[in-house]
Amino acid sequence: MSFSFPHLLLSKQLNMTLPKSSSFCPMCNRTYVAMSHHLKRSHRVTNLQERDILLKQASGRVNIRNIPCPVSGCTYNKGRCDKHLRTGHPELSDTLRTTYICVAKEKKTKQLLMELRATNPVPPMASALDLGSEDEEGADVGSPHAAPSFDCGGCRALALENEVLKNELAKLRSSYKALHKRLRRVLKGKGLSASDVAGVSEEEEEEQEEEEAGPSALRLTSQAVSPASSKAAGSQSSSQAVSQATTKAAGSQSSSQAEGEHVAQREDLPNRFLTFPNSIEQYIGVYLRFLEGACPSKKQIDNSFSRVSRVRAFLNYMALGNSEVNSWLFLSDTLKIQNWTGQLLKAGKKITTVMFYLRNVYQFLQYFKDTPPQRSRMSKSQVIGSIRMVRSCVRHMQSKVTIHQISVKSAKEKRAISQEVLAACRQQAKEKIPQLLDEMKDDLSLQLRYRFYGFFSAFVNSIYGHRTGVLTNMTIQEVNEARKNSGPDASGFVIN
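Residues numbered from 1 in each chain as written. Predicted model: local features only at pLDDT ≥ 70, side-chain atom pairs only at ≥ 80, totals over all residues. Heavy atoms only, no water.

To continue, consider the overall build of the protein chain. Secondary structure assignment for the protein chain yields 20 helices and 4 strands. A total of 496 residues make up the protein chain; the buried ones form 39% of that total. Put simply, of all contacts in the protein chain between residues at least 6 apart along the chain, 65% involve residues at least 24 apart. Total accessible area on the protein chain is roughly 28,000 Å²; 52% of this is exposed by carbon and sulfur atoms. (Helix = DSSP H or I, 4+ residues; strand = E, 2+ residues; numbered from the N terminus. Buried < 20%, exposed > 50% of the residue type's maximum accessible area, 1.4 Å probe, protein only. Contact = heavy atoms within 4.5 Å. Areas by Shrake-Rupley, 256 points an atom, 1.4 Å probe, with all protein chains shown as cover.)

Take a look at the structure:
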């Protein structure tokens, strides 16, 4: 029996370097921050229950209490498999124990997907993980049910770690090739010369031929985008390499439709996770810590990472085609800054999302103006010119954002509940709530209590327009404190 969820094993057992708040997609094993948006947009996962299962698998929040123990030879099959794995197997190392926990989560995820598929859900399911299909080459991970057949616990651990390392190598190769293809398309889209594209395509061909050599990190350095270096690499066979690159691009689009759709959506927007030189990476890290502030909450950390990721996308767009990235002079190209808005709209971003990008870039440039990097060669007038251009883009987009907000508001008003329906809801709730309270004196069933909760929530929401979370998240302590703070002669009390 093999499992097709290797991402949790790799990220936890091998301590892979991932961006904050990011996770592996269970369907394509790529790293994303907005996982729910990625599943809906790239994989067409429109079923809410299926998407919830996949999101829990991606974040590792899978309940494995009722799963049998995955350790070979163990017959434990009670309700606390998670606690049993942590305390019932002292012979396992921490690494192997974490691996078994991940295997149990993968098994539970498959079980939930199979149960959901048996109900013939509407809309239909988009994933095929529970059907035993492999999403990528080399995704077989030896599970403890089949691979570890050794008597020694240390041998079992080494065998399992070996399988995980093999799978990591295959995944890194696949990711490296995909990034090379994406970079080549970006370079061709920017109208660079044939030698520039040839240099990237030749590097990709060498990586495909040297399978035994491990993949290297893709860095957006001055050598990666320098016309001089790429011309030296591919000046002899530029036309032949361009034709090969075009043929490979057409072949890759026909071989994988899902991957082609994903690349088409991101074709005009540079990858926000490409790596810069060390000096720029250190400055971006300092800016991230500045945004987080002192004693940040989890929400603040997530928001700060989202802002920095948008700034990264802008910096990658500005740095493409520049030979001196360390000097930060690529930020002085005001014409390219002006075209940034069009690139975002062409990539499928909404008007409001484009405003988020522009405002985050504006905040970064203000920070850049106050605390310039040590290696920056931009003059003060150049920085001010870049800030003025971003501010001009924000001002010109404001009218479009206002029109978009008005259209969204009008669409919401069309879906709003009419006053007649709200009045009928209040009238029916007024009649039903006293009857349910009288019945609850003699009948303590859970079903009757839930009916009272439903009528009471509908009554309150029809009057005040609160969201359902206001009532479902209300605690008894909050109600008691509000009752205590109200005066003895008050006819009611307000719960803040």
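Moving on to the side chain of Ser-127. Tracing the backbone through its elements, the reader meets Ser-127 in the loop between helix 5 (94-118) and strand 4 (141-142). A polar contact is formed between the side chain of Ser-127 and the side chain of Glu-50, at a distance of 2.5 Å. Among all residues touching Ser-127, those that are not within four sequence positions of it are Met-27, Glu-50, Leu-54, Leu-113 and Arg-117. (Polar contact = N/O pair within 3.5 Å; in protein donor to acceptor, adjacent residues only side chain to side chain.)

Here the amide bond leading from Val-122 into Pro-123 is cis, since omega sits at 0°, within 30 degrees of zero. Looking at where Pro-123 falls in the secondary structure, it is placed in the loop between helix 5 and strand 4. The phi dihedral of Trp-328 is positive, around 65°, even though this residue is not glycine. Topologically, Trp-328 is positioned in the loop between helix 13 (298-319) and helix 14 (334-346).

Summed over the entire model, instances satisfying the criterion amount to 18 aromatic pairs. Pairing Tyr-450 with Tyr-453 gives two aromatic rings, centres 6.3 Å apart and planes at 40°, and the pair type is tilted. Highlighted residues: Tyr-450 and Tyr-453, both in helix 18 (residues 446-464), separated by 3 residues, approximately one helical turn. Within the aromatic cluster, the residues linked to one another by ring pairs are Tyr-283, Tyr-287, Phe-290, Trp-328, Phe-330, Phe-364, Tyr-367 and Phe-368. Directly above the aromatic system of Tyr-357 lies the positively charged group of Arg-310, at a separation of 5.9 Å from the ring centroid. (Phe/Tyr/Trp six-rings, centres within 6.5 Å; stacked < 30°, edge-to-face > 60°. Lys NZ or Arg CZ within 6 Å of the ring centre and 35° of its normal.)

One pass over the full model with this rule turns up 5 salt bridges. In this structure, Arg-312 and Glu-281 form a salt bridge, with 2.5 Å as the shortest nitrogen-oxygen distance. Taken as a pair, Arg-312 in helix 13 and Glu-281 in helix 12 (residues 278-292) lie far apart in primary sequence, 31 residues in all. What makes Arg-312 buried here is its relative accessible area of 14%. Lys-298 serves as the salt-bridge partner of Asp-302, at 3.3 Å between the closest nitrogen and oxygen. Taken as a pair, Asp-302 and Lys-298 lie in helix 13 at a separation of 4 residues, close to a single helical turn. (Salt bridge = Lys/Arg side-chain N within 4 Å of Asp/Glu carboxyl O.)

This brings us to helix 17 (residues 419-442). Given 3.6 residues per helical turn, the α-helix brings residues three or four places apart onto the same face. If you check helix 17, its first and last C-alpha atoms are 36 Å apart, about what 24 residues at 1.5 Å a residue would give, namely 34 Å. Listed as buried for helix 17 are Ala-429, Ile-433 and Leu-436. Against the buried residues of helix 17 lie helix 18. (Expected span 1.5 Å × (residues − 1).)

Here we take up the nonpolar core. The biggest cluster of nonpolar side chains holds 41 residues, and the ones touching the most others in it are Leu-315, Trp-328, Phe-330, Leu-331, Trp-340 and Phe-364. When residues in this core are grouped by element, the largest group, 10 residues, is from helix 15 (residues 351-370). Among the nonpolar cores identified, the runner-up in size contains 14 residues, and Met-35, Leu-39, Ala-58 and Leu-116 belong to it. (Core = buried A, V, L, I, M, F, W, Y, C linked by side-chain atoms within 4.5 Å.)

Turning next to the side chain of Ser-327. With respect to the helices and strands, the residue Ser-327 is situated in the loop between helix 13 and helix 14. Filtering out sequence-adjacent residues up to four positions away, Ser-327 remains in contact with Arg-375, Ser-376, Arg-377 and Met-378.

With respect to the helices, strands and loops of the structure, Pro-70 is situated in the loop between helix 3 (48-59) and helix 4 (81-87). For Pro-70, a relative accessible area of 2% gives the class buried. Separated by 37 residues in sequence, Pro-70 and Lys-107 place their C-alpha atoms 9.1 Å apart.

Looking now at the packing of helix 12 against helix 15. The N-to-C vectors of helix 12 and helix 15 enclose an angle of 105°; their axes lie 12 Å apart at closest approach. When the interaxial angle is binned, helix 12 and helix 15 end up roughly perpendicular. Here helix 12 contributes Tyr-283, Val-286, Tyr-287 and Phe-290 to the contact with helix 15, which in turn contributes Asn-360, Gln-363, Phe-364, Tyr-367 and Phe-368. (Axes fitted to C-alpha atoms, helices over the stretch in contact; angles between N-to-C directions. Parallel < 35°, antiparallel > 145°, perpendicular 65-115°, else oblique.)

A word on a positive patch on the surface. A contiguous patch of positive charge, built from Lys-369, Lys-380, Arg-388, Arg-391 and Arg-395, is present on the exposed surface. Counting residues per element, the positive patch draws most heavily on helix 16 (residues 380-415), at 4 residues. Mapped onto the secondary structure, Arg-391 falls in helix 16. Under the relative-accessibility criterion, Arg-391 is labelled partly exposed at 37%. (Patch = residues over 30% accessible without salt bridge, like charges linked within 9 Å, V, L, I, M, F, W, Y side chains within 5 Å. Lys, Arg positive; Asp, Glu negative; His and termini not counted. Charge placed at Lys NZ, Arg CZ, Asp CG, Glu CD.)

With their axes 9 Å apart at the nearest point, helix 17 and helix 18 run at an angle of 150° to one another. Like other packed secondary-structure pairs, helix 17 and helix 18 cross with a definite hand, here left-handed. Between helix 17, through Leu-422, Cys-425, Arg-426, Gln-428, Ala-429, Lys-430, Lys-432, Ile-433, Leu-436, Leu-437, Glu-439 and Met-440, and helix 18, the contact on the second element is made entirely by Leu-448, Arg-449, Arg-451, Phe-452, Phe-455, Phe-456, Ala-458, Phe-459, Ser-462 and Ile-463. Residue composition of the contact of helix 17 with helix 18, by class: 14 nonpolar, 2 polar and 6 charged. (Left-handed = near helix turned anticlockwise from the far one by under 90°. Nonpolar A, V, L, I, M, F, W, Y, C, P; charged D, E, K, R; others polar.)

This brings us to helix 12. With 15 residues, helix 12 extends 21 Å from end C-alpha to end C-alpha; this agrees with the ideal 21 Å at 1.5 Å per step. Buried residues of helix 12: Ile-280, Glu-281, Tyr-283, Ile-284, Tyr-287, Leu-288, Leu-291 and Glu-292, and no others. Of the residues flanking the end of helix 12, it is Gly-293, one or two places downstream, whose phi is positive at about 75°.

Turning our attention to a nonpolar patch on the surface. On the surface, a cluster of nonpolar side chains totalling about 280 Å² of accessible area is made up of Val-470, Met-474, Phe-493 and Ile-495. Relative to the assigned elements, Val-470 resides in helix 19 (residues 468-472). You can call Val-470 partly exposed: its relative accessible area is 41%.

On to the confidence of the model for the protein chain. For the protein chain, mean pLDDT is 75; residues scoring 70 or higher make up 72% of the total. The low-confidence segment residues 133-151 (pLDDT under 50) makes 47 contacts with residues lying over four places distant or belonging to another chain. (pLDDT = per-residue confidence, 0-100.)

Before going further, it helps to spend a moment on the environment of Asn-480. Here Asn-480 is to be found in helix 20 (residues 476-485). The spacing of Asn-480 and Ile-495 is 15 residues in sequence and 9.3 Å in space, taken between C-alpha atoms.

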